[in-house]
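Each chain is listed here by its residues.
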Amino acid sequence: MGGSASLLPREALGEYQELTFLSKQEILLAYKRFSELLPKEERENACSARVPKSRILTLPELRANPFQHRICHVFSTSDDGDDSMSFEDFLDMLSVFSDSATSDIKSHYAFRIFDFDDDGTLDRKDLEKLVNCLTGQGEESRLSTAEMEQLIQNILEESDIDKDGTINLSEFQHVVSRSPDFASSFKIVL
Amino acid sequence: MSYHYNKAFENPDYHLSETLEINRRRSPQENLFSYQAPYGASLPGSYGEHDGREQNYPLAIPVASMRQGSEYRGGLPRVNVLSRSPYGSFTDNLSFEPEPELAYNPPSTFHSPYTHSTSNRSEDDFIWRRDRRPHDEIFMTSSSVFETNPVWKEEETLVGNLASMSTNERIKAIQKMPETMKKKREIRNKVLKEITKKSRHRSTHLSCCTQCLQGIAVSFRRFGNSLSEYFHLLQLRYNTLKVIGAEFGTSVLSYFIFLKWLLTFNIFSLLINFSFITIPQFLAAEPNNLSFTGLELLTGAGYFQQTVLYYGFYTNATISKIKNGPSYNMQLAYIFTVGLYFVICFLILLFSIAKSFWRNFINPQAYSVNASKLLCTWDFNITNEKAVKLKQKNLSMQIKEDLTEVNWEVLSVSAKERVVCISINFASWVASLGTALAACAGVYFLSTNNLKLFVKGHRNDLESQAAMLVLPVVTSLLNAFIPFFYSWLGRLERFKTPGQHIYVTITRNIILKISILGILCYYWLGIVAASESQCWETLVGQDIYRLIVVDFIFCLLGSFFGEFLRRIIGTTVYVSLGLPEFDIGRNVLDLIYAQTLTWVGILFSPLLPVIQIIAFSIVFYVKKVSLMMNCQPPRKVWRTAQMTTSFIFLLFFPSFVGVLAVIGVTVWRLKPSEECGPFRGLSSMYAAVSEWIEILENYTASKWVVWIYHNLITSELFFFILSTLVLIVTYIYWQIIEGRKTMTKLLYKQISNEGKDKMFLLEQLRSLQRAKQTPSAPGGQGQAGQSSSYHPSRQPAQQVPDYPGRAFDRNQNASYNNEYPDAAGILRGTGFPPGLERAQRSSGPGMSEAVAIALRAREAAELEDQYDDTYPQP
């Protein structure tokens with residue numbers, strides 16, 4: 001592919017194909033895009049390098065996404081918690097967002113993206129943050145406190161089946177399974 | 001008794017909502033607390049061979065602290081609460097903590113609550129959940145490690161299971177794990193190691209044959225991979241679709257996907273027709289001596305009349321280039337190709353509808369509007385910054401509107417308003433049906449007029465050619481402008497939901513288009529076919545050709561005027577109008593109309609798909625450019641998947657089924673023209689087949705064909721039996737569906753009841769803890785874990801107003817003893833000390849067991865109650 005970037009080893013390519021939902025073309029494209037994010041001198045060993053979060057977010061596919069920070073956080077395996085991404089994390093992310101990923105795995109990761117405080121359930125605070133992400137931070141589009149309260153109440157009424165005041169993964173997947181559009185909209189393609 | 005209910009959990013069809021399953025079938029030890037574990041749905045049917053894991057599985061023990069948890073374990077051997085946690089040494093549940101501040105341990109001990117659990121939904125469907133953050137786990141193969149730590153053990157099971165799968169299944173299962181790449185690779189390597197270990201035992205006498213087969217399989221897979229790569233390169237529009245999705249979201253994208261689908265569909269039909277009808281005809285073609293002027297491209301008459309484009313040009317002879325060699329019977333080729341084509345179309349449509357229904361209309365009434373509007377609404381395809389802003393603004397607008405609507409709906413509509421509303425509805429239906437009728441009458445009048453022109457003879461002058469174009473132009477005008485009238489009508493009626501508005505408008509448009517097509521078909525089959533024209537099939541073919549071409553031109557004009565000019569006006573003259581939106585419904589209906597025309601025309605003009613391919617490709621690019629230049633993303637949240645399903649359904653139901661009827665009448669009932677086409681001289685097109693069968697009867701080798709023809713195809717009895725069978729099967733399935741619906745309702749009720757239970761018990765637990773903390777501070781925990789101190793209290797159940805004490809008492813005596821002998825034994829042994837005093841003394845673990853047993857008892861009582869309600873005993 002790109003002349004400046006070193007090529008992905010053949011066996012690694014096969015392995016990635018086996019471990020992700022991506023096709024060979026998609027992996028090669030991902031590799032190219034990923035090594036473009038790296039500074040010139042690191043391109044040689046793109047497979048082992050980590051790209052800081054700020055660089056990852058310059059990708060046009062993520063730049064405008066209101067959930068960009070969450071996506072980085074969920075898919076990063078960085079030990080220091082700086083949300084930097086290695087190539088494999090990057091592939092993981094693309095695999096989940098790819099066309100051929102199953103709805104199950106998509107909803108699993110969607111849940112984790114929406115779970116802002118990482119506590120395993122979507123509680124009121126998570127939902128509030130989620131709604132804020134969806135409506136944007138602008139003055140005129142923000143919901144008032146009363147509206148937010150009512151909205152979250154509505155959501156919980158519908159989806160909190162065991163009435164514990166939070167939405168857990170099963171309940172989330174239940175809602176998602178009733179919304180056929182989800183699989184097609186939870187998608188990022190390079 | 002309650003086994004009846006338990007059956008449902010084993011039912012594989014319940015998997016649609018499997019995430020909610022609560023397994024009661026297991027023994028009480030395993031299932032005392034079956035509620036949660038944050039990231040692992042507890043599912044039935046885990047690996048049978050691995051009991052330890054199963055027991056550890058549905059843990060969710062209410063413990064006040066970690067320390068208590070471990071004491072609890074020691075004191076109560078009966079109840080296996082040994083949690084398996086992904087975090088190495090800490091083994092306690094994470095989600096059932098009574099006190100929020102204790103709920104989550106400091107990050108030093110827990111990375112996150114994403115626990116992992118293994119579930120086996122169907123045979124090959126593994127979902128392995130686990131924290132993505134890498135732990136300091138090293139996979140040791142020593143068996144002692146596996147024994148001591150349940151995590152290793154589980155891993156081993158998983159690896160073992162994966163190793164026993166076929167290659168394809170294994171790859172899929174590993175792909176499906178929500179894991180980091182590193183983790184997946186480790187698992188894969190272990191699995192591979194396992195496999196090689198196993199195969200070493202067997203590989204000693206691995207025959208050459210299997211090696212050969214494996215080699216072939218590998219090379220075949222490689223070939224498939226490289227083929228798909230090239231295919232990927234061929235998908236030029238891939239990028240276009242991505243750009244559209246990035247800016248307009250999935251709803252507009254669905255139009256283009258539909259268009260692309262139709263395009264491939266037409267390419268396929270072209271391939272079939274061209275290879276089986278046209279190529280043989282080229283071999284036997286006579287020279288064409290008509291002149292080509294250019295206007296024919298528009299009218300389809302003149303020069304084209306003597307080409308393979310039309311039915312009339314095809315020969316009825318048997319084509320054989322080599323003397324005494326194999327021959328090609330044009331009649332049979334024609335009828336079988338067209339017949340086969342329609343059968344294939346039918347199957348493709350049927351399967352895509354079925355698939356689409358299966359995916360998208362799983363349970364429409366359970367569609368939770370508000371929740372999914374938020375939880376599933378974000379379109380990650382959209383990457384354009386402006387589009388994101390706009391989408392956010394629209395979403396917030398919509399949320400606000402919905403909220404006010406909910407409040408507004410509470411106000412009841414007065415009777416007078418309702419009457420006004422209904423009468424407006426009625427009036428607009430009358431108006432729309434009236435317009436459709438008027439349009440049909442107009443088209444009919446014009447077409448009969450047109451026929452006179454044809455019959456008068458082929459004057460090849462400009463005037464008559466222009467006159468030919470009157471009918472298609474008028475039809476397209478009607479098709480283009482009446483929908484505007486309909487959408488205006490729709491705005492007059494005030495529909496409750498936007499969805500209703502869309503569906504009503506689409507229904508009206510479909511009625512209009514289909515009735516225009518119907519009247520045209522009547523004209524073709526009833527009047528043109530009966531006229532004394534030379535070759536009526538060609539006339540019909542030409543008519544359809546013109547309709548398609550003019551419709552295509554109008555489509556281009558429509559995007560010019562409807563979108564381009566509208567944008568100019570919207571941005572300069574009336575700024576308040578703003579940018580136009582892309583009208584998905586209208587555009588899709590235009591596509592369906594064009595496709596229907598193509599299908600009708602295939603018999604009369606086998607190469608019509610070529611015209612349609614060209615038209616669709618141009619439409620694709622024109623619409624794309626027009627969309628990018630002129631339009632803004634749709635304001636409403638559009639339930640794409642369901643709309644797509646309805647579009648495919650519309651393509652199937654009035655459109656394709658209607659075409660089948662038209663083709664059927666033509667083939668079986670109408671007399672083909674005497675002087676042209678492959679069926680000249682026959683009484684009907686179908687006669688070609690019956691004549692062929694008569695010839696076949698003389699050959700003994702082909703007796704089976706004759707037998708099939710006589711006993712299956714022309715036999716009423718066979719079809720009678722077939723349709724009876726189909727009816728019976730349909731009825732049975734229908735009954736099964738009804739049963740499942742009832743079951744779903746019951747399960748819903750059950751879940752919500754158990755939720756109430758859980759809340760109530762938590763409440764109790766909290767109050768107990770508070771009570772305990774006040775008299776004896778931390779020291780009280782010391783006595784935890786003594787089995788004597790656990791006292792299930794009947795107080796909780798009696799305090800709930802909705803659960804009558806009757807149920808609880810009876811349950812103790814009856815069902816509890818039957819179903820849960822162990823638990824009942826425990827109950828009897830401890831002897832139910834009345835009151836709460838002693839229960840209060842008992843601390844965390846003892847209390848949790850009490851809660852557990854109370855819970856079981858309540859569940860059982862609940863079940864029995866339901867059973868009694870649903871099936872009253874005699």
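Everything numeric in this text was worked out from a predicted model, so none of it was measured.

What to know about the overall build of chain A
For step 1, the next point in the chain: When its secondary structure is counted, chain A shows 11 helices and two strands.
For step 2, the next point in the chain: Each helix and strand of chain A, placed in order from N terminus to C terminus, yields the pattern α-α-β-α-α-α-β-α-α-α-α-α-α.
For step 3, the next point in the chain: Burial status across chain A gives 64% buried among its 190 residues.
For step 4, the next point in the chain: Taking the intrachain contacts of chain A between residues at least 6 apart in sequence as the baseline, contacts between residues at least 24 apart amount to 56%.
For step 5, the next point in the chain: For chain A, the accessible area works out to roughly 7,000 Å², and carbon and sulfur atoms hold 49% of it.

Section: the overall build of chain B
For step 1, the next point in the chain: The secondary structure content of chain B amounts to 32 helices and four strands.
For step 2, the next point in the chain: The burial tally for chain B puts 49% of its 874 residues in the buried class.
For step 3, the next point in the chain: In chain B, the proportion of contacts linking residues at least 24 apart, taken out of those at least 6 apart, comes to 76%.
For step 4, the next point in the chain: Accessible surface, chain B: about 42,900 Å² in total, of which carbon and sulfur atoms supply 64%.

Focus on the packing of helix H7 (residues 103-114) of chain A against helix H10 (residues 169-177) of chain A
All names here are of chain A.
For step 1, the next point in the chain: Here H7 crosses H10 at 120°, and the two axes come no closer than 10 Å. In this view, H7 runs oblique relative to H10, as classed from their interaxial angle. As for how H7 packs across H10, the hand of that crossing is right-handed. Where H7 abuts H10, its residues Ser 103, Asp 104, Ser 107, His 108, Ala 110, Phe 111 and Phe 114 lie against Leu 169, Phe 172, Gln 173 and Val 176.

Remarks on the pattern of salt bridges
For step 1, the next point in the chain: A complete count under the given rule lists 16 salt bridges over all chains for this structure.
For step 2, the next point in the chain: Between Lys513(B) and Asp590(B) there is a salt bridge whose closest N-O contact spans 2.8 Å. One end of the pair, Lys513(B), is in helix H19 (residues 498-528); the other, Asp590(B), is in helix H21 (residues 584-601), with 77 residues separating them in the sequence.
For step 3, the next point in the chain: Since its relative accessible area comes to 4%, Lys513(B) is described here as buried.
For step 4, the next point in the chain: Each of Glu15(A), Glu18(A), Glu88(A), Arg185(B) and Arg188(B) takes part in one network of salt bridges that share partners.

A look at the state of the cysteines
Residues and elements named next belong to chain B.
For step 1, the next point in the chain: Scanning the model with the defined rule gives one disulfide over all chains in all.
For step 2, the next point in the chain: Linked covalently through their sulfurs, Cys 535 and Cys 676 form a disulfide whose S-S length is 1.8 Å. Taking the torsion about the sulfur-sulfur bond, which here is approximately 95°, the covalent link between Cys 535 and Cys 676 counts as right-handed. Residue Cys 535 is located in the loop between H19 and helix H20 (536-573), and its partner Cys 676 is located in the loop between helix H23 (640-668) and helix H24 (687-696); the two are separated by 141 residues in the primary sequence.
For step 3, the next point in the chain: Cys 535 gets classed as buried once you look at its relative accessible area, which sits at 14%.
For step 4, the next point in the chain: Classification of Cys 676 as buried rests on a relative accessible area of 9%.

Side note on H23(B)
For step 1, the next point in the chain: Its 29 residues give H23(B) an end-to-end C-alpha distance of 40 Å, which sits within 8% of 42 Å, the value for a rise of 1.5 Å per residue.
For step 2, the next point in the chain: At Phe656(B), H23(B) is bent by approximately 30°, the largest bend along its length.

Describing a nonpolar patch on the surface
Residues and elements named next belong to chain B.
For step 1, the next point in the chain: Taken together, the side chains of Leu 717, Phe 720, Ile 721, Leu 725, Ile 728, Val 729, Tyr 731, Ile 732, Tyr 733, Trp 734 and Ile 736 define a hydrophobic patch exposed on the protein surface, amounting to about 1,200 Å² of accessible area.
For step 2, the next point in the chain: The topology assignment puts Val 729 in helix H26 (residues 716-773).
For step 3, the next point in the chain: Owing to a relative accessible area of 42%, Val 729 belongs among the partly exposed residues under this scheme.

A look at the UniProt feature "domain: EF-hand" (unreviewed entry) in chain A
Residues and elements named next belong to chain A.
For step 1, the next point in the chain: Mapped onto this structure's residue numbering, the UniProt feature "domain: EF-hand" (unreviewed entry) falls at residues 102-137 and 147-182.
For step 2, the next point in the chain: Span residues 102-137 is 67% helix and 0% strand, its end C-alpha atoms 32 Å apart.
For step 3, the next point in the chain: Strand forms 0% of residues 147-182 and helix 67%; the C-alpha atoms that close the span are 25 Å apart.

Observations concerning helix H5 (residues 68-75) of chain A
Residue and element names in this part refer to chain A.
For step 1, the next point in the chain: Among the eight residues of H5, six are classified as buried, and the element is accordingly described as predominantly covered.
For step 2, the next point in the chain: Along H5, the positions that sit buried rather than exposed are Gln 68, Arg 70, Ile 71, Cys 72, Val 74 and Phe 75.
For step 3, the next point in the chain: The inward-facing, buried residues of H5 abut helix H3 (53-56), helix H4 (60-63), strand E2 (85-86), helix H6 (87-96) and H7.

A closer look at the packing of aromatic side chains
Residue and element names in this part refer to chain B.
For step 1, the next point in the chain: For the structure on display, the rule yields 50 aromatic pairs over all chains.
For step 2, the next point in the chain: Ring centres of Tyr 255 and Phe 582 lie 5.1 Å apart, and the angle between their planes is 65°; this geometry places the pair in the edge-to-face category. Pair noted here: Tyr 255 is in helix H11 (residues 237-283) and Phe 582 is in the loop between H20 and H21, with a separation of 327 residues, a long-range link. The pair formed by Tyr 255 and Phe 582 is uniform in burial state, with each residue classed as buried.

Examining the nonpolar core
For step 1, the next point in the chain: Ranked by size, the top nonpolar core spans 111 residues in total, and within it Tyr255(B), Phe342(B), Trp524(B) and Trp599(B) carry the most contacts.
For step 2, the next point in the chain: In this structure, Tyr255(B) is in contact with Phe582(B), Ile584(B), Asn587(B), Val588(B), Leu591(B), Val619(B) and Lys623(B), ignoring residues within four places of it in sequence.
For step 3, the next point in the chain: In terms of nonpolar packing, the next biggest core, distinct from the first, is built from 86 residues, Ala49(A), Ala110(A), Leu162(B) and Met177(B) among them.

Concerning the packing of H21(B) against H23(B)
All names here are of chain B.
For step 1, the next point in the chain: Contact geometry of H21 with H23 gives a least axis separation of 10 Å together with a crossing angle of 25°. Classed by the angle they form, the pair H21 and H23 counts as roughly parallel. In terms of crossing hand, the pair formed by H21 and H23 is right-handed. Contacts between H21 and H23 involve Ile 584, Gly 585, Val 588, Leu 589, Ile 592, Gln 595, Thr 596, Trp 599 and Val 600 from the first element and Phe 647, Leu 650, Leu 651, Ser 655, Phe 656, Val 659, Val 662 and Ile 663 from the second.
For step 2, the next point in the chain: Its residues assigned to classes, the contact of H21 with H23 shows 13 nonpolar, four polar and no charged.

Things to note about the confidence of the model for chain B
All names here are of chain B.
For step 1, the next point in the chain: In this model, chain B carries a mean pLDDT of 71, and residues with pLDDT of at least 70 account for 64%.
For step 2, the next point in the chain: Low pLDDT, under 50, characterises residues 115-147; the predicted model gives this stretch 123 contacts beyond four residues in sequence or across chains.
For step 3, the next point in the chain: Residue range residues 777-846 is modelled with pLDDT below 50. Its contacts to residues more than four positions away, or to other chains, number 107 contacts.
For step 4, the next point in the chain: The ipTM assigned to the predicted complex is 0.84, against a pTM of 0.69.

With respect to the side chain of Gln392(B)
For step 1, the next point in the chain: With respect to the helices and strands, the residue Gln392(B) is situated in helix H15 (residues 385-409).
For step 2, the next point in the chain: The exposure class of Gln392(B) is buried, given its relative accessible area of 8%.
For step 3, the next point in the chain: Residues contacting Gln392(B), with those up to four places away along its chain left out, are Pro66(A), Cys133(A), Leu134(A), Thr135(A), Gly136(A) and Trp378(B).

Details of the environment of His174(A)
Residues and elements named next belong to chain A.
For step 1, the next point in the chain: Locating His 174 in the fold gives a position in helix H10.
For step 2, the next point in the chain: Under the relative-accessibility criterion, His 174 is labelled buried at 5%.
For step 3, the next point in the chain: C-alpha separation for the pair His 174 and Ile 161, spaced 13 residues apart in sequence, amounts to 9.5 Å.

About the criteria used
Residues numbered from 1 in each chain as written. Chains lettered and ligands numbered in written order. Predicted model: local features only at pLDDT ≥ 70, side-chain atom pairs only at ≥ 80, totals over all residues. Heavy atoms only, no water. Helix = DSSP H or I, 4+ residues; strand = E, 2+ residues; numbered from the N terminus. Buried < 20%, exposed > 50% of the residue type's maximum accessible area, 1.4 Å probe, protein only. Contact = heavy atoms within 4.5 Å. Areas by Shrake-Rupley, 256 points an atom, 1.4 Å probe, with all protein chains shown as cover. Axes fitted to C-alpha atoms, helices over the stretch in contact; angles between N-to-C directions. Parallel < 35°, antiparallel > 145°, perpendicular 65-115°, else oblique. Left-handed = near helix turned anticlockwise from the far one by under 90°. Salt bridge = Lys/Arg side-chain N within 4 Å of Asp/Glu carboxyl O. Disulfide = S-S within 2.5 Å. Expected span 1.5 Å × (residues − 1). Bend = angle between axes of the 7 residues up to and from the residue. Patch = residues over 30% accessible without salt bridge, like charges linked within 9 Å, V, L, I, M, F, W, Y side chains within 5 Å. UniProt positions renumbered as here; feature names shortened; annotations may be inferred. Phe/Tyr/Trp six-rings, centres within 6.5 Å; stacked < 30°, edge-to-face > 60°. Core = buried A, V, L, I, M, F, W, Y, C linked by side-chain atoms within 4.5 Å. Nonpolar A, V, L, I, M, F, W, Y, C, P; charged D, E, K, R; others polar. pLDDT = per-residue confidence, 0-100.

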